[in-house]
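Here's the letter readout for the chains.
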Amino acid sequence: MPNHIFGRSTKGQLPTAVAGDGCYLIDSSGKRYFDGSGGAAVSCLGHSNAHVRAALHDQLDQLAFAHTGFFTSDAAEKLADRLVAAAPEGVDRVYLVSGGSEAVEAALKLARQYFMEIGQPERHRVIARRQSYHGNTLGALAAGGNEWRRAQFAPLLVETSHISPCYEYRERRDGESLEDYGLRSANELEAEILRLGPESVMAFVAEPVVGATSGAVPAVAGYLKRIREICDQYGILLILDEVMCGMGRTGHLFACLEDGVAPDMITIAKGLGAGYQPIGALLVQGKIYDAVASGSGFFQHGHTYMGHAMAAAAANAVLDEIEGNNLLALVREQGDKLDAALRAEFGQHPHVGDIRGRGLFRGVELVEDRETKKPFDPARKLHAKIKANAFEAGLICYPMGGTIDGVNGDHILLAPPFIIEDAQIDEVVTKLSGAITGALAA
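Residues numbered from 1 in each chain as written. Predicted model: local features only at pLDDT ≥ 70, side-chain atom pairs only at ≥ 80, totals over all residues. Heavy atoms only, no water.

Caption draft 1: Geometry of the packing of aromatic side chains. Inspection of every chain in the model, using the stated rule, returns five aromatic pairs. Arranged with centres 5.2 Å apart and planes meeting at 65 degrees, the rings of Tyr-95 and Phe-299 form a pair that is edge-to-face. Separated by 204 residues along the polypeptide, Tyr-95 in strand E4 (residues 91-97) and Phe-299 in the loop between helix H10 (286-293) and helix H11 (309-324) bring together distant segments of the chain. Plain terms: the ring middles of Tyr-114 and Phe-115 are 5.1 Å apart, the flat faces sit at 65 degrees to each other, and that makes the pair edge-to-face. Phe-115 carries the same exposure label as Tyr-114, and that label is buried. Stacked on the ring of Tyr-24, the Lys or Arg Arg-32 has its end atom at 4.6 Å from the ring centre. (Phe/Tyr/Trp six-rings, centres within 6.5 Å; stacked < 30°, edge-to-face > 60°. Helix = DSSP H or I, 4+ residues; strand = E, 2+ residues; numbered from the N terminus. Buried < 20%, exposed > 50% of the residue type's maximum accessible area, 1.4 Å probe, protein only. Lys NZ or Arg CZ within 6 Å of the ring centre and 35° of its normal.)

Structural data, given as structure tokens:
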């Protein structure tokens, strides 16, 4: 049978997914795979949620699509109201898009337009962090700090400054307290602002808990509060990218709520639609919307499928499930159990350097030497072998290499559905252990 799909890779033949059953995906041969990463932190409700499916059928019977240049929809209006009600203080408007990259791209363009609207056209520079990831469109890719993803497209990318990540395992000095480390790391932002010239900087972009590129690395306590202070001091917008870590993944609908920080913009996606529809959103403070409304009155941006009624209906149903079934508390509870199981299995493993994360967003970092934290030779492609071994055993996980300067290092990201049961936690850890053992022996 000919294959005309241009997939992510031209090598090998992928199995065909034909069904979903809770936390499992099923291929055409009948093999079941536990979705231990939620795809890419997407499928937070599993793959057969009856309420979401019914909501999509109902919406399809009423209205599938109406272009937002002409109409709004009840589903989109309802979703925006719910997101604003749950968001950090001051967030007042929601710009609906179709995914995470679109949300970040919109944030960057809106940041630029905001400063044009308020009479500060000299502000155009973006500061972000190394070993971050903000999406694959050119603006989002430029903001990201993953060198491997950026390298071949570098001539196309707008210049962006990158400071150190808040990566306690790798960056904290011997004898340095967590608080002192967090302040030192955050203060790099001020130094970079001063180097560039405060009048030229428009935004700082960061993930509260870094996702795929570094493997569920949370900011240490106090870091984001200091970042907020610096942004306020110099009149810079704080954009928090919660595309992976938001929408309940860490046990809070918005991850930054745990840090006690209200950003100027938040980007969300992935878990917002739980995989049932492609949807993302940019949430903004009222002052940003008001600047546009009282100025040009038009955000010079847009996508055909933004505010799609079917996608908004799915997101509303996802929020119904999260809120109605108290899933945020369950994420925190099951996240603690997953963390405990990982530590019991790998806490003394000679090649596991760090176990970290929040809620059901957990990372395991592999090292050649625990004492020196020396990473494995990237030529071993350890992360790829772990992924292949786990998949063969019926576990989907999200390994990545390049945690050190985009060149060396391996980690595994776990982001299972919120409905994971205790026995399934044991299944995930057992299969992951076997996959790591096999990869190390290869």
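Caption draft 2: Here's a closer look at the pattern of salt bridges. Within the structure shown, the criterion is met by 24 salt bridges. As a salt-bridge pair, Lys-337 and Asp-422 come within 3.2 Å of each other at their nearest N and O atoms. A residue pair is termed long-range when its members are at least 10 positions apart, and Lys-337 in helix H12 (residues 327-346) and Asp-422 in helix H14 (residues 422-441) qualify at 85 residues. According to the relative accessible area criterion, Asp-422 is partly exposed, its value standing at 40%. Linked by salt bridges that have partners in common, Arg-170, Asp-354, Arg-356 and Glu-365 make up one network. (Salt bridge = Lys/Arg side-chain N within 4 Å of Asp/Glu carboxyl O.)

Caption draft 3: Expanded view of a nonpolar patch on the surface. A cluster of nonpolar side chains, namely Leu-138, Phe-153 and Leu-156, defines an oily patch on the protein surface of about 280 Å² accessible area. Within the secondary structure, Phe-153 sits in the loop between helix H6 (147-150) and strand E6 (161-163). Residue class for Phe-153 comes out partly exposed when judged on its relative accessible area of 34%. (Patch = residues over 30% accessible without salt bridge, like charges linked within 9 Å, V, L, I, M, F, W, Y side chains within 5 Å. Areas by Shrake-Rupley, 256 points an atom, 1.4 Å probe, with all protein chains shown as cover.)

Caption draft 4: Just the layout of surface pockets, in detail. In this structure, the second largest pocket spans a volume of roughly 970 Å³. Val-94, Tyr-95, Leu-96, Tyr-289 and Met-306 are, among the 36 residues lining the second largest pocket, the residues nearest its centre. At the level of secondary structure, the elements contributing two or more residues to the lining of the second largest pocket comprise helix H3 (74-86), E4, strand E12 (280-285) and H10. For the lining of the second largest pocket, a count of residues per class yields 21 nonpolar, 11 polar and four charged. (1 Å grid on protein atoms, 1.4 Å probe; cavity = no way out; pocket = protein on both sides within 12 Å on 5 of 7 lines; lining within 4 Å. Points joined across faces, edges and corners; volume = space filled by probe spheres on them. Nonpolar A, V, L, I, M, F, W, Y, C, P; charged D, E, K, R; others polar.)

Caption draft 5: Highlighting the pairing of strand E10 (residues 237-241). Buried residues dominate E10, accounting for five of its five residues. Of the two faces of E10, the one carrying Leu-237, Ile-239 and Asp-241 and the one carrying Leu-238 and Leu-240 are both buried. Of the pairings in the sheet, the one linking strand E7 (residues 201-206) to E10 comprises four bridges and is parallel in character. By the bridge assignment, Val-205 is partnered in E10 with Ile-239. Pairing of E10 with strand E11 (residues 265-268), which is carried by three bridges, proceeds in the parallel orientation. Its bridge partner lying in E11, Asp-241 is registered against Thr-267. (Pairing = 2+ DSSP bridges.)

Caption draft 6: Representation of empty space enclosed by the protein within the structure. Under the criterion given, the structure shown has one cavity of 30 Å³ or more. Roughly 30 Å³ of volume is contained in the largest cavity. By residue class, the composition of the lining of the largest cavity is one nonpolar, two polar and three charged.

Caption draft 7: How the structure looks around helix H2 (residues 50-62). Between its first and last C-alpha, H2 extends 19 Å over 13 residues, near the 18 Å set by a 1.5 Å rise per residue. All of the buried residues along H2 are Val-52, Ala-55, Leu-56 and Gln-59. Seen end-on, H2 carries its buried residues on one side only, within an arc spanning 100 degrees. Residues of H2 that are exposed and point over 90 degrees away from its buried face: Ala-50, His-57 and Asp-61. Measuring from the side-chain oxygen of the N-cap residue of H2 to the backbone nitrogen of His-51 gives 3.1 Å; that N-cap residue is Asn-49. (Expected span 1.5 Å × (residues − 1). Arc of directions from axis to C-beta. Polar contact = N/O pair within 3.5 Å; in protein donor to acceptor, adjacent residues only side chain to side chain.)

Caption draft 8: A look at H11. When the terminal C-alpha atoms of H11 are compared, their 22 Å separation across 16 residues agrees well with the 22 Å that a helix rising 1.5 Å per residue should span. Of all 16 residues in H11, 13 are buried, a share of seventy percent or more.

Caption draft 9: Quick look at the side chain of Ser-161. Secondary-structure assignment places Ser-161 in strand E6. Within the local environment of Ser-161, its side chain forms a polar contact with the side chain of Glu-192, the two groups lying 2.9 Å apart.

Caption draft 10: Layout of the sheet that holds strand E15 (residues 395-396). With mixed pairing, the four strands of this open sheet are ordered in space as E1-E2-E3-E15. Of all the strands in the sheet, the pair left with one neighbour each is strand E1 (17-21) and E15.

Caption draft 11: A look at the environment of Asp-410. With respect to the element layout, Asp-410 can be found in strand E17 (residues 408-414). On the basis of relative accessible area, Asp-410 is assigned to the buried category, the value being 3%. Note: C-alpha distance between Asp-410 and Gly-215 (195 residues apart in sequence) is 9.0 Å. Here the side chain of Asp-410 touches His-383 through a polar contact of 2.9 Å, side chain to side chain.

Caption draft 12: Just unusual backbone geometry, in detail. The phi dihedral of Ala-216 is positive, around 55 degrees, even though this residue is not glycine. For Ala-216, the position within the fold is in the loop between strand E8 (209-210) and strand E9 (217-218). Overall, the relative accessible area of 0% leaves Ala-216 in the buried class. The phi dihedral of Asn-326 is positive, around 55 degrees, even though this residue is not glycine. Judged by its relative accessible area of 53%, Asn-326 is exposed.

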